[in-house]
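Per-entry structural report
Given next are the chains, with one letter for each unit.
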Amino acid sequence: DAKTTQPPSMDCAEGRAANLPCNHSTISGNEYVYWYRQIHSQGPQYIIHGLKNNETNEMASLIITEDRKSSTLILPHATLRDTAVYYCIVRVEAAGNKLTFGGGTRVLVKP
Amino acid sequence: DAGVTQSPTHLIKTRGQHVTLRCSPISGHKSVSWYQQVLGQGPQFIFQYYEKEERGRGNFPDRFSARQFPNYSSELNVNALLLGDSALYLCASSLVPGARGTEAFFGQGTRLTVV
């Protein structure tokens, strides 16, 4: 799996959009970008994934650059319950539930 | 529908003892993976099982072993416990590896403390 680089932490104001960057410059053509988050003392939660097109679901939007070397997870209206560690992971789809987690970004949403 | 369930939720063991952790995947999911998460770090992959066969193994000593049962539930066993085995142990389930939509769903974990 390709290595990812994320900022260790970031703050966000409640109600504002949170933009979480991820660099994955060595990503291969068949690797997807996945995002998970882990709220304190809970198991990681799947958020979204994509290959090359931008994706949106009820939780977030995923913007992948044209060269696929970086991506941004957007939480459109952050709430206090979005405070968590966010992990960006790249992997082939065939890997299934085998994931390589890095350090993630610790996001603190402030009132 | 029930999500991934793990038992027990908390456990305290003494160095040198053996421990068995259990995981029931989401109904219909046939693949299970185990992770160890030490405080302050991201989860580290231990094992992946599909159709009762080991499909992947992380960099963990032979003291760690696992198996998957015909109903797709799984056990993680750790022998000769060390203080460094204290961690949150997570189980994840997914559909068939390689199929589309194989995002992993995690349980709440078992908090193991070795004293």
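The coordinates are above.
Residues numbered from 1 in each chain as written. Chains lettered and ligands numbered in written order. Predicted model: local features only at pLDDT ≥ 70, side-chain atom pairs only at ≥ 80, totals over all residues. Heavy atoms only, no water.

1. Things to note about the state of the cysteines
Applying the stated criterion across every chain yields a total of two disulfides over all chains. Each sulfur of the disulfide joining A:Cys22 and A:Cys88 lies 2.1 Å from the other. Taking the torsion about the sulfur-sulfur bond, which here is approximately -80 degrees, the covalent link between A:Cys22 and A:Cys88 counts as left-handed. Within this pair, whereas A:Cys22 is found in strand S2 (residues 18-23), its partner A:Cys88 is found in strand S8 (residues 84-92), the two being separated by 66 residues in sequence. For the pair A:Cys22 and A:Cys88, a shared accessibility class is recorded, and that class is buried. Each sulfur in the disulfide pair B:Cys23 and B:Cys91 lies 1.8 Å from the other. The disulfide joining B:Cys23 to B:Cys91 has a torsion of about -65 degrees about its S-S bond and is therefore left-handed. You can see B:Cys23 sitting in strand S3 (residues 19-24) and its partner B:Cys91 sitting in strand S9 (residues 87-94), a full 68 residues away along the chain. Comparing B:Cys23 with B:Cys91 shows no difference in burial state: the two are buried. Not part of a disulfide, A:Cys12 finds its nearest cysteine sulfur in A:Cys22, a span of 18 Å. (Disulfide = S-S within 2.5 Å. Helix = DSSP H or I, 4+ residues; strand = E, 2+ residues; numbered from the N terminus. Buried < 20%, exposed > 50% of the residue type's maximum accessible area, 1.4 Å probe, protein only.)

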